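Spelled out from the first residue to the last, the chains are:
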Amino acid sequence: MSDDPKTLVSTEWLAKHLKDPDLRLLDASCYMPDAGRDAKAEYMAAHIPGARFFDIDDISDARSELPHMAPPVEKFMSRLRAMGVGDGHQVVVYDGAGLFSAARVWWLFKLMGQENVAVLDGGLPKWIAEGHETEDMPPIPRDRHMTVRMQNQLVRDVTQVAHASKLGEPQIVDARSPERFRGEAPEPREGLRAGHIPGSRNVHYEALLNDDNTMKSVEETRGVFEAAGVDVSNPVITTCGSGVTAAILALALERMGHKDWSLYDGSWAEWGMFPTVPVATGDA
């Protein structure tokens, strides 16, 4: 792969730049409740040297009943300032699954107008498998100011998505498994209907990953989207269960040079709960 500090970097790139004074590394591990994993405890036991822990559930909108919605600008700025992450830094985000929740934090930084942020391809598992070092001591951060310019075009709400569903544009692409998309598998969150947003296409996020949880090449990625009936030259809204794996689709689109994408933050946690919006089942 070709390293791009604005989208995706390799473990080789990180090993070379690990000691750069302006590098800021974030462990953004987050797991589904049924995974039986404690992300913060795992971080405390072993993380890439210098990494800070980014708590997706904490750095979110506490006023919303939906899971880990994007935080208000002021909260994002204050939390990141306390973590010593700000202007002039190159940020690299990774997670303990390989490539799962890190893309969500990449999207959050993009939403806040930060350009120099990348996801670590293959994450912590690949780093450890290659014999690179880890540590169990968190770094001592020094406050750093961050200038935020909210990029509202990168996020969509339920009204905008309902409009897109009705009109057929922008395209809506769902990152959940085919079984959940078709309404054949139960939703992990209680009280949600099964199925998908009418008119949406299904690109399971796992279809974009290799066996070692690194991202497929740009050419292979384009093929996956096209095989699902997505026109990658037209605008796309990504969605999933709660706005996490939708960001993997967004990262994939950005790597392809596709700039006209946005993420439905509420995703199925919101749509599946709303009794007034329609739900489709089956393949389309």
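Look above for the structure.
Residue indices follow the written sequence of each chain, beginning from 1 at its first position. Under the rules for a predicted model, residues below a pLDDT of 70 receive no local features and side-chain atom pairs below 80 are neither given nor counted, while totals for whole chains, interfaces and linings still include all residues. Side-chain descriptors were evaluated using all non-hydrogen atoms of the structure, hydrogens and water having been removed beforehand.

A. Spotlight on the overall build of the protein. Counting from the N terminus, the helices are DSSP H or I runs at least four residues long and the strands are E runs at least two residues long. Along its length, the protein carries 10 helices and 10 strands. For this measure, only C-alpha atoms enter the radius of gyration; the expected value for a globule follows 2.2 Å times N^0.38, where N is the number of residues. A globule of 284 residues ought to have a C-alpha radius of gyration of about 19 Å, and the protein, at 18 Å, matches this closely. For the C-alpha atoms alone, the extent of the protein along its principal axes is close to 50 × 40 × 35 Å. Classification of the 284 residues of the protein by burial places 53% in the buried group. Contacts are assigned to residue pairs that have any heavy atoms within 4.5 Å of one another. Residue pairs at least 24 apart in sequence account for 78% of intrachain contacts in the protein once pairs closer than 6 positions are excluded. With residues, only the protein chains shown are counted as cover, and all accessible areas are computed by Shrake-Rupley using a 1.4 Å probe. In the structure as shown, the protein presents an accessible area of about 12600 Å², 50% of it carried by carbon and sulfur atoms. With a 1.4 Å probe rolled over the protein chains alone, any residue whose accessible area is under 20% of its type maximum counts as buried; one over 50% counts as exposed, and the rest are partly exposed.

B. Structural context of the side chain of Asp-61. Note that Asp-61 resides in the loop between strand S3 (52-53) and helix H3 (73-82). The exposure class assigned to Asp-61 is buried, which follows from its relative accessible area of 16%. Side-chain atoms alone can form a polar contact between residues adjacent in sequence; in general such a contact is a pair of N or O atoms within 3.5 Å, and within protein one must be able to donate a hydrogen while the other accepts it. Of note is the side chain of Asp-61, whose polar atom sits 2.9 Å from the side chain of Arg-63. For Asp-61, the contacting residues outside a window of four places in its chain are Met-69, Ala-70, Pro-71 and Pro-72.

C. Highlighting the layout of surface pockets. Volume-wise, the largest pocket comes out at about 610 Å³. As defined here, a cavity is a set of points on a 1 Å grid over the protein atoms alone where a 1.4 Å probe fits but cannot get out. A pocket is an open set with protein on both sides within 12 Å along at least five of seven lines, and residues line them when an atom is within 4 Å of a point. Considering the residues around the largest pocket, the lining is formed by 27 residues, among which Met-32, Phe-100, Arg-180, Tyr-205 and Thr-245 are closest to the centre. Classification used: nonpolar for Ala, Val, Leu, Ile, Met, Phe, Trp, Tyr, Cys and Pro, charged for Asp, Glu, Lys and Arg, polar for all others including Gly. Residues belonging to the lining of the largest pocket are distributed by class as follows: 14 nonpolar, 7 polar and 6 charged. Grid points are joined across faces, edges and corners, and a volume is the space filled by probe spheres set on the points.

D. Spotlight on the pattern of salt bridges. Salt-bridge detection follows one rule: a side-chain nitrogen of Lys or Arg within 4 Å of a carboxyl oxygen of Asp or Glu. Inspection of the entire model under this criterion finds 14 salt bridges. Where Arg-182 meets Glu-184, a salt bridge forms, and the shortest distance between an N and an O atom there is 3.0 Å. By relative accessible area, Arg-182 is classed as partly exposed at 23%. Here Asp-283 makes a salt bridge to Arg-182, at a shortest N to O gap of 3.7 Å. On the criterion of sequence distance, the pair formed by Asp-283 in the segment after helix H10 (267-271) and Arg-182 in helix H7 (residues 178-182) is long-range, its members being 101 residues apart. Classification of Asp-283 as exposed rests on a relative accessible area of 60%.

E. Representation of the sheet that holds strand S4 (residues 90-94) within the structure. One requirement defines pairing of two strands: DSSP has to find at least two bridges between them. Strand order in the open sheet made by the 5 strands is S1-S5-S4-S2-S3, with parallel pairing throughout. The open sheet has two free edges, formed respectively by strand S1 (8-9) and S3, since each of these has just one partner strand. As paired elements, S1 and strand S5 (residues 117-120) share 2 bridges and run parallel to each other. Note on S5: the bridge partner recorded for Val-9 is Leu-120. Most of the contacts of helix H4 (residues 102-111) go to S5, to which it runs at about 175°, and overall it touches strand S2 (23-27), S4 and S5. Fitted lines through C-alpha atoms give the axes, limited to the stretch in contact for helices. The angle between two N-to-C directions lies from 0 to 180 degrees.

F. Main features of the packing of aromatic side chains. When the centres of two rings from Phe, Tyr and Trp lie within 6.5 Å, Trp using its six-membered ring, the rings pair. Their planes under 30 degrees apart give stacked, over 60 give edge-to-face, and anything left gives tilted. Per the counting criterion, the structure on display carries 5 aromatic pairs. Seen in terms of ring centroids, Phe-54 and Phe-109 are 6.5 Å apart; in terms of plane orientation they differ by 50°. Their pairing is tilted. Remark: Phe-109 occurs in helix H4 and Phe-54 occurs in the loop between S3 and H3; sequence separation between them is 55 residues. Take Phe-54 and Phe-109: they sit in the same class, and that class is buried.

G. Molecular detail of the sheet that holds strand S8 (residues 201-202). The strand order S6-S10-S9-S7-S8 describes an open sheet built from 5 strands, whose pairing is parallel. Edge positions in the sheet fall to strand S6 (155-156) and S8, since each of these pairs with one other strand and no more. In the packing of helix H9 (residues 246-255) onto the sheet, the strands contacted are strand S7 (171-174), strand S9 (236-239) and strand S10 (261-264), and the crossing angle to S9 comes to about 145°.

H. Structural context of the nonpolar core. Remark: nonpolar core denotes a set of buried residues (Ala, Val, Leu, Ile, Met, Phe, Trp, Tyr, Cys) joined through side-chain atoms within 4.5 Å. Of all hydrophobic cores here, the largest spans 57 residues; its most connected members are Leu-26, Phe-54, Phe-76, Trp-107, Phe-109, Val-203 and Phe-225. Secondary-structure elements contributing two or more residues to this core are H3, S4, H4, S5, helix H8 (218-227), H9 and S10. Beyond its immediate stretch of four places on either side in the chain, Phe-76 contacts Phe-54, Ile-59, Pro-71, Leu-108, Phe-109, Met-112 and Met-146. With 18 residues, the next largest nonpolar core counts Leu-14, Leu-18, Leu-25 and Ile-48 among its residues.

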